[in-house]
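# An overview of the molecular structure
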Amino acid sequence: MPEKILQPTPGQTVGPFFAYGTVFPKMHEVVHPFSPGSIVLGGTVYDGNGAPIPDAIVEIFGADSDGSVPHARGTFRRDDHTFTGFGRSFTTDDGHYEFWTRNPGAEAGKAPFFAAIVFARGLPNKLHTRIYLPDAEQALAADPLLASLDADERASLVATRLADGSLQHDIHLQGAGETVFLTF
Amino acid sequence: MTDTQSTAAAPESLLASADFPPQAQITREIQDIHAEYARREAAGEKLPATIYDFPPYRSSLLRHPTKNPRLVDPESIELYSPAYGQRDVAAIESDLTLQHAGEPLGERITVRGRVLDSWGRPVANQLLEIWQANSAGRYIHQRDQHPAPLDPNFTGAGRVITNDAGEYLFTTIKPGAYPWKNHQNAWRPAHIHFSVFGNAFTQRIVTQMYFPGDPLFALDPIYNSIHRQSDRDRLVSTYDHDLTVPEFSMGYRWDIVIDGPDATWHEPEEGEH
């Protein structure tokens with residue numbers, strides 16, 4: 001690998017007024033609601049006092065159900081059948097984010113997850129994390145990241161499957177149950 | 001679930017800090033933290049460019065992680081980016097002065113630059129989203145209560161897809177400085193928010209572009225959440241007279257470099273150059 005020759009541009013907070021600059025139609029509908037195989041992935045983003053954060057953005061990028069990485073265009077003009085894998089959700093006044101999407105697959109033996117990024121007013125830079133599906137216990141146990149974590153940290157990265165098939169996953173920027181964030 | 005507080009604070013209370021200190025105190029806090037980071041760096045510590053735990057930016061107090069991020073090897077999904085192309089965004093979306101019936105007030109500018117990766121390779125066909133205040137320093141957002149006028153001919157949001165050389169161009173108006181309630185007499189230097197998709201999800205950044213010579217730089221906690229002057233300089237555009245169009249617009253140049261990681265390097269394929 002050649003040497004890096006340029007210093008990266010540093011990140012900054014998304015600030016309070018991102019909504020009108022980053023909104024697009026059906027941005028949280030990675031798949032058409034209630035279409036076959038669709039699920040809801042949702043949760044609340046909390047601050048260090050346990051208060052919901054009403055001005056955060058959660059973005060996800062996930063593989064299709066067969067584990068393939070989506071390369072299709074059309075996120076800005078969703079046609080309700082092309083799977084682009086990317087979604088964006090602004091938290092509500094109650095700190096809630098929500099997506100309609102599919103359960104991602106993974107390569108054989110690997111644990112499926114959504115890649116996720118959190119931005120917020122008051123958060124000086126982006127935060128990367130993962131939202132793992134809770135179902136494949138063997139693959140979860142074999143995951144190198146999860147294996148390096150203690151039980152609480154591990155729990156902060158694995159979603160909960162509800163009876164209706166949806167996924168519940170809260171994100172704590174700070175404090176009790178602080179979500180594990182990632183650097184690459 | 002937590003029981004400390006079950007509902008969010010009312011939106012109108014969100015923007016004011018609890019202690020509301022004078023500017024002098026904020027400036028001193030900024031200087032102290034920069035000095036501390038310089039000492040730690042001189043002692044050999046590796047520190048990220050942007051400080052997450054930065055108390056002068058009061059609303060960050062409860063919103064920054066307290067643990068260091070975990071270093072992981074990216075998996076496939078993290079090594080690709082959501083796909084965009086020239087056809088995803090109409091050309092007119094990069095001109096923020098054409099979105100209404102009339103011309104917006106203010107100084108018309110063009111902002112032009114390239115998106116590159118750490119190896120200097122152009123980042124082609126990727127999405128940039130921008131948003132900004134109008135020339136009076138007012139955002140169109142409903143929570144912005146700054147009593148400066150809204151401009152009926154300016155929304156302040158635009159998008160563009162980089163071309164094959166990684167280049168982008170926006171036409172807009174120069175945003176005004178913007179008052180906020182982080183501390184007494186707090187004013188943000190004029191800035192444009194940028195959201196950038198790289199070639200990999202790991203490379204995604206959201207940042208802010210500033211204008212050269214702004215007298216508010218030393219006073220602003222957000223600009224100063226980046227501890228090295230050399231890194232802060234990377235957020236400041238350059239006035240470029242060659243980009244200035246006679247009797248039409250002032251030209252600013254600003255290049256964006258998205259970071260590795262190493263896993264995003266790949267050997268050039270046949271036909272690439």
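Here is what the cut-offs are and how they apply
- Residues numbered from 1 in each chain as written.
- Chains lettered and ligands numbered in written order.
- Predicted model: local features only at pLDDT ≥ 70, side-chain atom pairs only at ≥ 80, totals over all residues.
- Helix = DSSP H or I, 4+ residues; strand = E, 2+ residues; numbered from the N terminus.
- Rg over C-alpha atoms; globule rule 2.2 N^0.38 Å.
- Buried ≥ 20, exposed ≤ 12 C-beta atoms within 10 Å, placed from the backbone.
- Contact = placed C-beta atoms within 7 Å.
- Expected span 1.5 Å × (residues − 1).
- Nonpolar A, V, L, I, M, F, W, Y, C, P; charged D, E, K, R; others polar.
- Pairing = 2+ DSSP bridges.
- Core = buried A, V, L, I, M, F, W, Y, C linked by C-beta atoms within 7 Å.
- Axes fitted to C-alpha atoms, helices over the stretch in contact; angles between N-to-C directions.
- pLDDT = per-residue confidence, 0-100.

## Quick look at the overall build of chain A
Across its full length, chain A carries four helices and 10 strands. Relative to the 2.2 N^0.38 estimate, which gives 16 Å for 184 residues, the radius of gyration of chain A is 17 Å and therefore close to what a compact globule would have. Projected onto its principal axes, the C-alpha coordinates of chain A cover approximately 45 × 40 × 35 Å. Within chain A, the proportion of its 184 residues that are buried is 50%. Summarising the internal contacts of chain A: among those between residues at least 6 apart in sequence, 70% fall at separations of at least 24.

## Structural notes on helix H1 (residues 23-42) of chain B
Between the first and last C-alpha of H1 of chain B there are 28 Å, a value that for 20 residues agrees with the 28 Å anticipated at 1.5 Å per step. Looking one or two places after H1 of chain B, you find Gly44 of chain B, whose phi comes out positive at around 100 degrees.

## Description of the interface of chain B and chain A
Facing the 76 residues of chain B at the interface are 69 residues of chain A. Residue contributions to the side of chain B that touches chain A peak at four residues, all from strand S9 (residues 205-210) of chain B. Its residues placed into classes, the side of chain B that touches chain A shows 41 nonpolar, 22 polar and 13 charged. In this structure, strand S10 (residues 182-183) of chain A lies alongside strand S1 (residues 70-71) of chain B, joined through two bridges in parallel fashion.

## As for the nonpolar core
Residues and elements named next belong to chain A. Counting residues in hydrophobic clusters, the biggest one holds 95 residues, and the most contacted among them are Val45, Val118, Phe119 and Tyr132. Per-element accounting of this core gives the leading share, eight residues, to strand S5 (residues 113-120). For Val118, the residues in contact, after removing those within four places along its chain, are Val45, Ala56, Val58, Leu127, Thr129 and Ile171.

## A short note on the sheet that holds strand S3 (residues 127-132) of chain B
All names here are of chain B. The strand order across the open sheet built from four strands is S4-S3-S8-S9, with neighbouring strands paired in antiparallel fashion. Each end of this open sheet is capped by a strand with a single partner; those strands are strand S4 (157-161) and S9. The mean inter-strand angle of the sheet, taken between neighbouring strand axes irrespective of direction, is 25 degrees. Sheet analysis places S3 next to S4, joined by five bridges and oriented antiparallel.

## Examining the confidence of the model for chain B
Residues and elements named next belong to chain B. Averaged over chain B, the pLDDT score is 92; the fraction of residues at 70 or greater is 92%. Segment residues 1-6: pLDDT under 50, and eight contacts once partners within four positions in sequence are set aside and those in other chains are kept. The ipTM value of the predicted complex is 0.97, and its pTM value is 0.95.

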